[in-house]
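Given next are the chains, with one letter for each unit.
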Amino acid sequence: MQVTAQEQYVEFGIENEQYAIRIQDIHEIIKLQDITQIPNVKPYVKGVINLRGKIVPVLSLRNLFDMQEKAPSKSTRIVVVHHQEDTVGIIVDRVSKVTTFSDIQPPPDRVGGIDGNFFVGIGFTKGGLVGILRLDEVLLHE
Amino acid sequence: MSELTDMLAEYKEVFLEELEEQLQLMDEVILKLEREGDSGSVVQSLFRAAHTLKGSSAAMGFEEMKQLTHHMEHLLDQVRGKKRTVTPALIDLLFQSMDCLKQLKNDIEASDAPATDIGRIVKNLETFASTKEDEPLTVSVTGSETGSETLRPPLSLSDRLKIQEQQDAGHRVYWLQIGIVSDCVIQGARAYVIHSMLSEWGEVLLMTPDLESLEETLPGSLTLTFLYAGIQEEGEIRSLVTGLTDVACVTAELVEGNETAMAVTPAATGKAAAVEEASPAGKAKSQTIRVSVERLDHLMNLVGELVIDQTRIHQVERNQRRRFQDDTVSELGHISDHLSRIIGDLQESVMKARMLPIEQLFNRFPRMIRDLSRDLGKDLELVMEGQDTELDRTLIEEIADPLIHLIRNAVDHGLETPDVREQSGKPRKGTLRIRAAHEDNQVVIYVEDDGAGIDPAKMKASALKKGILTEEEAELLTDREAVDLIFRPGFSTAQTISDVSGRGVGMDIVRSHIEKLNGLIDIDTRLGRGTSFKIKLPLTLAIIVGLLVKVNGQTLIIPMSNIAEIVRVTNAEIQVVRGQSVITLRNQVIPIVSVHDRFKGEFRREEHKHIPLVIVGSAEKRLALAVDDLIGNQEIVIKSLGSYIGKVDGIAGATILGDGSVALIFEISSLFHKAGAK
């Protein structure tokens, strides 16, 4: 995937770290909802929610990145993305803003303890570094 | 040209559907012919079916099929014309041709190029047709119809009524003459396209030459005549038609109101007869339409959404009523009530639209039984009942394979040969009874034979030999359980493996297939008297009645069709046998399965409370599910968890409840497979 500097991203955070997803991959951003747990699924899949009549799976970036569980707060959001045929929700601590990056560097092997494969690249903003998520890997991580 | 290929691909679907129907019809009719001998109408309907196929396969460019049906038609014409009588040889030949046609159909389904060789069968048909007759017919029956007929067909009374109806509705009725350019590659397909476009803009009341008789016309121009009703002005419709590909010229003539009152003189008497003959079929067509299953599925989904939203509105209304007491709230109540009635009706209508009589499936059996009994040297009578029982179209497709398997088993293993039957004092002719019926919101299908029945001792011995059971286990088995061994994977009682049954697709596959459809299969057998299989299915796959239960604060749904009964027991009634909690219910020991561990919870036994147990069944097996609370039953719309989550063990899907939350639907059969594996 060729990443151009002009593309718009939605930036969001978990703990003190910043991540981003291309804006065209994002369907909508909703508040945290009641999640119905499903047994026998991958540990980071939290369950399913009802998104206006559609059943949408929700996964937790915290669990995926092996971070500590944290009780949801007022700012917790579900970022609903469209990926291939699927609609999937990603739980994040907060959604910050829509942004562009002046420069994007390829990701190192590991980004703060997280597998570099999860990222397309590292974007530079005034606020600091932002990990741009590779949805293929995030959603289909084994 | 690519546009044409697209169109053809689209029509191929339609063509294949029609083909399926016609082939089934022909099978039926040939069987009837064999049974009852020649009566004019039987041969006539067979002839018509062959003719229809010939026309449509020619229009689609399937040369082999056209040729084959042409020869069949030719032969049938001789029978129709009393030049030939119905003999067993003729019936066999017709059946052979049918098999060949079916092969061609498979070829077409797989690709566009038929690979089946029709040379031999065509030759057989030809020789057959030319024997005994001094002068074989040289003129094919359709010969007179293939010419480009430009004359307007005569109007029958019903046609005139239709015109009147359209005019009363404020539509304009036109005679359209559409010339197709002479270098058009497949005129037949083009005619189909024009027909379908016209049907989109308005309604086609009549068409000549009709779609069925459109052959690969001789090079040259083809002129189609339509009687068309629509809202367009004369100029408008003309320019619409001219805009279509390959249209050379168009004339449109408005049919005046009073013209319909006059009888239009038939152009040619022969033609008139042909039209008259075709009119019953044409009439039937105008009353039904083909809709792709996808569209119906979509409709069903939308209704499902409505059902869910309605439950939510109802809940909101109830909440409001508790808080406020004013007119607005009671009005909301009225609206909500009305809405729920309408949605109920809508749901029923959509469900009905998806339903087909099981006849569709049953019709395949007579031919199958005929061949089977012949191959296996058995003499049997097939009795079918309840063909008009309706069930969801998807279900009919899904149940076909298991049912066919059961029937084959019954003929192969169940029914004895005539000699054996005679020795055991039964009539030489066996009976296979297939019946379908509605039983409280479910469909039940029985496959019953009056054959030898299943011998529990033989079952045990066979299972031992195959290593499915150990000696000890075998001794503990009751007769009932021994019979149920038939559903074990890897079990097949066939002494010799025939191509009829015993090809490794065992009864376990049949059972799991049925359970996948939220159904149940049950077996009842009496040694020497026969065996009866009972299949219970829900009416539809999309909406089921489910029991809502609470487990660890989460609402779960158990499909009603899996539930045998619900009991409440006290702690004292629960016994523990070898570490497994069980209860005894009418002398049957039922293991208790806690649902909680699947949801990372603990089953808290509260001493003072009765524990609700939901007894679920699969065949004769029973399991008791311990739940925290019973909420009640409700119609629910099954939704899949989506491809992202995929198939989850133990979960059949999910639904959205009245409060907007998602509830999971239990897959009961997986519980049994788990329990069986232990």
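All figures in this text were calculated on a predicted structure; none of them were measured in a lab. (Residues numbered from 1 in each chain as written. Chains lettered and ligands numbered in written order. Predicted model: local features only at pLDDT ≥ 70, side-chain atom pairs only at ≥ 80, totals over all residues. Heavy atoms only, no water.)

1. As for the pairing of strand 3 (residues 222-230) of chain B
Residue and element names in this part refer to chain B. Spelled out, the test is: Three labels apply to residues, based on accessible area from a 1.4 Å probe with only protein chains included: buried if under 20% of the type maximum, exposed if over 50%, partly exposed otherwise in between. Runs of E in the DSSP output that reach at least two residues are strands. Runs of H or I that reach at least four are helices, and both are numbered from the N terminus. At least two bridges found by DSSP between two strands is the condition for calling them paired.
Counting buried positions along strand 3 yields 9 of 9 residues, so the element is predominantly enclosed. Alternating residues of strand 3 divide into L222, L224, F226, Y228 and G230 and T223, T225, L227 and A229, and every residue in both groups is buried. As defined by bridge partners, strand 1 (residues 172-180) adjoins strand 3 across 9 bridges and the pair is classed as antiparallel. Residue pairing in the sheet places I178 in a bridge with L224 of strand 3. Alignment of strand 2 (residues 203-208) against strand 3, held across 5 bridges, turns out to be antiparallel. Bridge pairing in strand 3 links E203 to A229.

2. Some words on the nonpolar core
The cut-off we apply is this: Only buried residues count toward a nonpolar core. Its members are Ala, Val, Leu, Ile, Met, Phe, Trp, Tyr and Cys residues joined through side-chain atoms within 4.5 Å. Residues are treated as being in contact if the distance between any of their heavy atoms lies within 4.5 Å.
Core analysis: the largest hydrophobic core is formed by 66 residues, its most contacted members being B:L101, B:L176 and B:L198. Here B:L176 is in contact with B:L198, B:L224, B:T225, B:F226, B:Y228, B:I237, B:V241, B:T251 and B:A252, once residues within four sequence places are set aside. Counting residues in each nonpolar core, the second largest holds 54 residues, with A:L64, A:I114, A:L133 and B:V551 among its members.

3. A look at the sheet that holds strand 9 (residues 103-105) of chain A
Residues and elements named next belong to chain A. So the rule is basically this: Working convention: axes come from line fits to C-alpha atoms, limited for helices to the stretch in contact. Angles between N-to-C directions cover 0 to 180 degrees.
Spatially, 8-1-2-13-12-9 is the arrangement adopted by the 6 strands of the open sheet, whose pairing is mixed. Whereas interior strands pair on both sides, the edge strands pair on one side only; in this sheet they are strand 8 (94-100) and strand 9. Geometrically, the sheet is characterised by an average inter-axis angle of 35 degrees between neighbouring strands, direction not taken into account. The pairing of strand 1 (residues 8-14) with strand 8 spans 6 bridges and is classified as antiparallel. For F12, the partnering residue across the bridge sits in strand 8 and is V95.

4. A look at the pattern of salt bridges
Residues and elements named next belong to chain B. What counts is decided by this rule: Think of a salt bridge as a Lys or Arg side-chain nitrogen and an Asp or Glu carboxyl oxygen that are within 4 Å of each other.
Tallied over the entire structure, the rule returns 33 salt bridges over all chains. Residue R354 is joined to D392 by a salt bridge in which the shortest nitrogen-to-oxygen separation is 2.9 Å. Of the two residues, R354 is situated in the loop between helix 12 (327-353) and strand 5 (355-357) and D392 in strand 7 (residues 390-392); the sequence distance between them amounts to 38 residues. Its relative accessible area of 6% is what places R354 among the buried residues. Note that E565 and R586 form a salt bridge whose closest N and O atoms lie 2.5 Å from each other. Residue E565 is found in strand 14 (residues 563-569), and its partner R586 is found in the loop between strand 16 (580-585) and strand 17 (588-594); the two are separated by 21 residues along the sequence. A residue is classified by how much of its surface remains accessible, and R586, at 65% relative accessible area, is exposed. Within this structure, D27, E34, D92, D99, K102, R367, R370, D371 and R374 form a network of salt bridges that share partners.

5. Quick word on the confidence of the model for chain A
Inclusion rule: Known as pLDDT, the predictor's per-residue confidence is scaled from 0 to 100.
Averaged over every residue, the pLDDT of chain A is 85; the share at 70 or more is 96%. When pLDDT is averaged over each helix and strand of chain A, the minimum, 75, is found for strand 10 (residues 110-111) of chain A and the maximum, 92, for strand 3 (residues 26-31) of chain A.

6. Considering a negative patch on the surface
Residues and elements named next belong to chain B. Defined as follows: In this analysis, a patch consists of residues with relative accessible area above 30% that form no salt bridge, clustered at 9 Å for like charges and at 5 Å for the nonpolar side chains Val, Leu, Ile, Met, Phe, Trp and Tyr. Working definition of accessibility: Shrake-Rupley area with a 1.4 Å probe, residue cover restricted to the visible protein chains. Neither His nor the chain ends contribute to the count of charged residues, in which Lys and Arg are positive and Asp and Glu negative. Every charge is mapped onto a representative atom, which is NZ of Lys, CZ of Arg, CG of Asp or CD of Glu.
Taken together, E471, E472, E473 and E475 make up a surface patch of like negative charges. Considering the arrangement of structural elements, one finds E472 in helix 18 (residues 471-476). E472 gets classed as exposed once you look at its relative accessible area, which sits at 63%.

7. Digging into helix 12 of chain B
The criterion, for reference: Take the number of residues in a helix, subtract one, and multiply by 1.5 Å to get its expected span.
In this model helix 12 of chain B runs 39 Å from its N-terminal to its C-terminal C-alpha over 27 residues, within 8% of the 39 Å that 1.5 Å per residue would give. Taken together, the buried positions of helix 12 of chain B are B:V329, B:G333, B:S336, B:I343, B:Q347, B:V350 and B:M351.

8. Things to note about the packing of helix 15 (residues 393-414) of chain B against helix 20 (residues 507-516) of chain B
Residues and elements named next belong to chain B. What counts is decided by this rule: For classification purposes, an angle smaller than 35 degrees is called roughly parallel, one larger than 145 roughly antiparallel, one from 65 to 115 roughly perpendicular, and anything else oblique. A clockwise turn of the near helix away from the far one marks a right-handed crossing, whereas an anticlockwise turn of less than a right angle marks a left-handed crossing. Nonpolar residues are Ala, Val, Leu, Ile, Met, Phe, Trp, Tyr, Cys and Pro. Charged residues are Asp, Glu, Lys and Arg, and all others, Gly as well, are polar.
Orientation of helix 15 relative to helix 20, taken along the N-to-C sense of each, is 150 degrees, at an axis distance of 10 Å. By the angle between their directions, the pair helix 15 and helix 20 is classed as roughly antiparallel. Helix-helix and strand crossings are classified by hand; for helix 15 and helix 20 the assignment is left-handed. From helix 15, E398, I399, P402, H405, L406 and N409 reach across to helix 20, where they touch M507, V510, H513 and I514. For the contact of helix 15 with helix 20, the per-class residue count stands at 6 nonpolar, 3 polar and 1 charged.

9. With respect to the confidence of the model for chain B
Predicted coordinates in regions of low pLDDT should not be interpreted in detail. Residues and elements named next belong to chain B. With 83% of its residues at a pLDDT of at least 70, chain B reaches an overall mean of 77. Confidence scores differ between elements of chain B, with helix 6 (residues 143-146) showing the lowest mean pLDDT of 35 and strand 8 (residues 430-439) the highest of 90. Predicted confidence for residues 133-150 stays below pLDDT 50, and this span has 32 contacts to residues more than four positions away or in other chains. A low-confidence stretch, residues 258-285 (pLDDT under 50), is modelled with 24 contacts involving residues beyond four sequence positions or located in other chains. For this predicted complex, the interface confidence reaches an ipTM of 0.83, while the overall pTM sits at 0.53.

10. Digging into the environment of B:V443
Residue and element names in this part refer to chain B. Mapped onto the elements of the fold, V443 is located in strand 9 (residues 442-449). Between the C-alpha atoms of V443 and E390, which are 53 residues apart in sequence, the distance is 8.3 Å. The contacts of V443, once residues within four sequence positions are left out, are T389, E390, L391, A437, H438, I535, K536, L537 and L539.

11. Examining helix 20 of chain B
So the rule is basically this: What the arc describes is the spread of directions from the helix axis to the C-beta atoms.
Within the span of helix 20 of chain B, buried status applies to B:M507, B:D508, B:V510, B:R511, B:I514 and B:E515. Summarising the axial view, the buried residues of helix 20 of chain B lie within an arc of 160 degrees, below the 170-degree limit, and thus occupy one face.

12. With respect to the side chain of B:T555
Its place among the elements puts B:T555 in strand 13 (residues 554-559). With residues near it in sequence (within four places) discarded, B:T555 still touches B:L548, B:V549, B:K550, B:I631, B:L657, B:A663 and B:L664.

13. A short note on the interface of chain B and chain A
Short version of the rule: The term buried area denotes the loss of accessible surface (1.4 Å probe radius) that occurs when two parts are joined, taken as the sum for both partners. Any N or O atom pair separated by 3.5 Å or less is treated as a polar contact, with the protein-specific requirement of one donor-capable and one acceptor-capable atom, and with residues adjacent in sequence counted only for side-chain atom pairs.
In this assembly, 20 residues from chain B lie in contact with 22 residues from chain A. Summing the contributions of chain B and of chain A, the shared interface buries around 1700 Å²; its carbon and sulfur component is 63%. When the area that chain B buries against chain A is broken down by residue, the three leading residues are B:Y644, B:I645 and B:V662, summing to 41%. On the surface where chain B and chain A come into contact, there are 3 residue pairs in polar contact (both at pLDDT 80 or more). Of all elements in the fold, only helix 11 (293-323), helix 21 (642-645), strand 21 (651-656) and strand 22 (662-666) of chain B reach the threshold of two or more residues within the side of chain B that touches chain A. Taken together, the residues of the side of chain B that touches chain A sort by class into 10 nonpolar, 5 polar and 5 charged.

14. Structural notes on the sheet that holds strand 9 of chain B
Residues and elements named next belong to chain B. Strands sit in the order 6-8-9-11-10 across an open sheet of 5 strands; the sheet is mixed. Only two strands of the sheet have a single neighbouring strand rather than two, namely strand 6 (380-385) and strand 10 (520-526). Neighbouring strand axes in the sheet, compared pairwise and without regard to direction, differ in orientation by 10 degrees on average. The pairing of strand 9 with strand 11 (residues 530-538) spans 8 bridges and is antiparallel. Bridged to V443 within strand 11 is L537. Contacts from helix 20 reach strand 10 and strand 11, with the element oriented near 135 degrees to strand 10.

15. Let's talk about unusual backbone geometry
Notably, A:E15 is not glycine yet its phi reads approximately 50 degrees, a positive angle. Of note, A:E15 is situated in the loop between strand 1 and strand 2 (17-22). With a relative accessible area of 34%, A:E15 lands in the partly exposed category. The backbone of B:N587 sits at a positive phi, close to 70 degrees, despite the residue not being glycine. Residue position: B:N587 is located in the loop between strand 16 and strand 17.

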